[in-house]
Number of protein chains: 2
Amino acid sequence: MSQNNIRNMDEFAALCGISRPTISKYFFDPNSVRPSTRDRIEAALKEYDYRPNIYAMNQNRRLTKNIGIVVPYLADPFFAEIARVIERRCIDAGFTPTLFSSHGDQNQEIAILDTLRSLRPAGVLLAPLGRASDKAQIEEFCRDVPTILFDSNIEGVGAAFVGSDNFSFVSQTVEYLSRTGNVPCFFEMRDPANPNANKRRHAYLEMMRRLNLEPHLVKIDGAGWGFEEIGRLGALKVLKEGLLPTDTVLCSNDRLAIGFLSACHELGIRVGRDEDCTIRLASHDDHPYSRFTCPSLTTAAHDYEAVSDYAVETLFRLIDAGGALETREETLFAARLIMRGSA
Amino acid sequence: MSQNNIRNMDEFAALCGISRPTISKYFFDPNSVRPSTRDRIEAALKEYDYRPNIYAMNQNRRLTKNIGIVVPYLADPFFAEIARVIERRCIDAGFTPTLFSSHGDQNQEIAILDTLRSLRPAGVLLAPLGRASDKAQIEEFCRDVPTILFDSNIEGVGAAFVGSDNFSFVSQTVEYLSRTGNVPCFFEMRDPANPNANKRRHAYLEMMRRLNLEPHLVKIDGAGWGFEEIGRLGALKVLKEGLLPTDTVLCSNDRLAIGFLSACHELGIRVGRDEDCTIRLASHDDHPYSRFTCPSLTTAAHDYEAVSDYAVETLFRLIDAGGALETREETLFAARLIMRGSA
DNA sequence: ATATAATTTTGACGCGCGTAAATAAAAGCT
DNA sequence: AGCTTTTATTTACGCGCGTCAAAATTATAT
């Protein structure tokens, strides 16, 4: 690779022996030029290591190759993991993804949408904060920018929603728990930040109705995204005051369950299926850490790959379709029960 | 806020009654214009909601307001947390941070540096992969782009390094453990990905020498960034085969310790200070989950805030100084021992 | 009020590339 | 070979803003 003193596309085109508009076309889509010219360009590219100025490119293109990925809380490894997969898919498809985290804060979420507007992305994959989101702002954003919602739905907003089927999660855990032991109570935050939490509560109630069992909701206080600590404090209170209606607890999500386990350990309460255990605990999400808790968590797992892949795929369809799909699709993927030590 | 049909800075300048070059100056640095004009611009800004085109801006500016943040592994909440703080500081200082994760992969790290070059950032905060990094490439990058290394040092590379003092971590845990019980052995990966691991091993050996105690290194196999699983498998092997030289284990980092705890639970081994416990376990990092493990982890904590703040502050100094500091500074922050249940 | 310094305006050019239309060349087909 | 279709070239303009120099204005100090 020789020293590249190439300042712009004109010079590179000259070195290639190919006209600048063709080079420009190549960089927008390598497949849009004849294979023989593509080869010549790529040979020159190898030799001279030229890269077009992205600012000049994006300024004038109808559509950039940028994709925004927004997650509500990146310190949650669940979102880190899903973001990783999505990022990979975007890069492989020739896009430039940029990752944003709202860090659980409404203002940050709005600020991100603002930043995203000026990035003029081809599309956005947005996992909203949920209850804490400013829905009007998100709706307005989605009108201007082709957006797929994932993980957490907002009715009617965005071109499509891709997520997990909360009923599938809860039905499996409830069925399993009630089949193998006592009736599960449902442990959750009183004011959950995420709409999935509400769907899970309803699913629990519905499943209990179907099974002809009496439902018990255990609601704990706490706000924000520090679910482990909220779960821990809530569990401490519930356990100390003997408020637990049954010996089988189904947490709304794994992070609450991690806190619950921590509380149990503090109080010397053994959790699991063994004879010396007094509580069974199960949960939902298959959080990356759930297999390392003590005991490991029985949980219903997201189909990470399917959700990520389908969300990305839907976004690409949306982009190809010029920014609008015929109808707003909602796609839900089923959960997979993972039986581990805690129940 | 009236409907903004403002297409460019010219139109906005006309609406302001201020010349475009002055507006341009304002957007580069609001303090560079007279307070009275600043007020007029900001009043108009409120009314018309104009935002300059970032692509046109960045194309022509000598220096963008972009800052790149690169972490080796975002699914590790430790990095997610530090990235969050750094991001905040950058935004508050009027910069536009972009977050990248190498996801533990050398090729990704190189690809990120490549992307960063074309972003022409004012500066970069880079936490390298460590052993897996292509040092030559990073070195070359740092010659072109003002870069501060953090978390993981590469000798002589970058304008400065800001991180934690590994000796401070290990000296405190070793001192505490050996004072309150049996001599600790050091539990680590045979080929650690991160250079901090090597520093910690040396610190352990040095501390043991000073205390006139016999050191024991317990090296386990495994590659990659799935430390919990590596720790779990390593611990299972060590515990089953009775290879543990003492009842006190000091893990190189919390994620290994989380895996270790998981293994202990599987084998029915109780960990902690209580009488019925057979192992004491301590570690380093104060991972966000370390307080929720069972038992909670005694660990040495990073001064997250100090590291983040000083890294950012140093980067700003570097940018102000035009991209080069007089000498390469290495700044290390001391750890803080956090005593919890595991030791 | 006057001199001086600081700020703003005017006018103009350039950045690197996208894009469009007309033309030319190449490829594919019969 | 002659035709059609596809692809590349030529030429030219525009995007939105940074930046520069000279001129005009405004603020500050004496």
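Relevant structure appears above.
Now for a look at the structure at hand.

### A look at the protein's contact with DNA strand D
For step 1, the next point in the chain: Close to DNA strand D lie 25 residues; A:T37, B:M9, B:S24, B:Y50 and B:R62 are nearest.
For step 2, the next point in the chain: Each atom of DNA strand D within 4 Å of the protein belongs either to a base or to sugar and phosphate, the latter forming 68%.
For step 3, the next point in the chain: Between DNA strand D and A:N60, the relevant distance is 2.5 Å, taken from a base oxygen to a side-chain nitrogen or oxygen of the residue.
For step 4, the next point in the chain: Within the side chain of B:Y50, a nitrogen or oxygen atom sits 2.3 Å from a phosphate oxygen of DNA strand D.
For step 5, the next point in the chain: Going through the elements one at a time, α2 (20-28) and α4 (54-60) of chain A together with α2 (20-28) and α4 (54-60) of chain B are the ones with two or more residues in the surface near DNA strand D.
For step 6, the next point in the chain: Looking at which element gives the most residues to the surface near DNA strand D, the answer is α4(B), with four residues.

### So, the protein's contact with DNA strand C
For step 1, the next point in the chain: Near DNA strand C there are 25 residues, and of these A:M9, A:S24, A:Y50, A:R62 and B:T37 occur at the shortest range.
For step 2, the next point in the chain: Near the protein, within 4 Å, the atoms of DNA strand C are sugar or phosphate in 68% of cases.
For step 3, the next point in the chain: Separating a phosphate oxygen of DNA strand C from a backbone N or O atom of A:M9 is a distance of 2.3 Å.
For step 4, the next point in the chain: Between DNA strand C and the protein, one listed contact pairs a phosphate oxygen with a side-chain N or O atom of B:T37 at 2.4 Å.
For step 5, the next point in the chain: Listing elements by their share of the surface near DNA strand C, those giving two or more residues are α2 and α4 of chain A together with α2 and α4 of chain B.
For step 6, the next point in the chain: When grouped by side-chain class, the residues that make up the surface near DNA strand C number eight nonpolar, 11 polar and six charged.

### A word on the interface of chain B and chain A
For step 1, the next point in the chain: On the side of chain A, 40 residues touch chain B, which itself brings 40 residues to the contact.
For step 2, the next point in the chain: Summing both partners gives a buried area of about 3800 Å² for chain B against chain A, and 58% of it is carried by carbon and sulfur.
For step 3, the next point in the chain: For the chain B face of the interface with chain A, the top three residues by lost area are B:Y55, B:Y289 and B:F292, together amounting to 21%.
For step 4, the next point in the chain: Run the count over chain B and chain A and you get four salt bridges.
For step 5, the next point in the chain: Summed over the shared surface of chain B and chain A, the number is 12 residue pairs in polar contact (both at pLDDT 80 or more).

### Some remarks on the relation of the copies chain B and chain A
For step 1, the next point in the chain: Each copy of the sequence occupies a distinct position, and chain B is placed on chain A by a rotation of 180 degrees and an axial shift of 0.0 Å, giving an RMSD of 0.1 Å. Taken together, the turn and the small shift mark the pair as related by a two-fold rotation axis. Closest to the rotation axis within chain B is the C-alpha of B:Y55, separated from it by 2.3 Å.
For step 2, the next point in the chain: Most of the interface of chain B is mirrored in chain A, where 100% of its interface residues again form contacts.

The rules we used
Residues numbered from 1 in each chain as written. Chains lettered and ligands numbered in written order. Predicted model: local features only at pLDDT ≥ 70, side-chain atom pairs only at ≥ 80, totals over all residues. Heavy atoms only, no water. Near = heavy atom within 4 Å. Polar contact = N/O pair within 3.5 Å; in protein donor to acceptor, adjacent residues only side chain to side chain. Helix = DSSP H or I, 4+ residues; strand = E, 2+ residues; numbered from the N terminus. Nonpolar A, V, L, I, M, F, W, Y, C, P; charged D, E, K, R; others polar. Contact = heavy atoms within 4.5 Å. Buried area = accessible area lost by both parts, 1.4 Å probe. Salt bridge = Lys/Arg side-chain N within 4 Å of Asp/Glu carboxyl O. Least-squares fit on C-alpha atoms with pLDDT ≥ 70 in both.

Just geometry here; none of it tells us what the structure is for.
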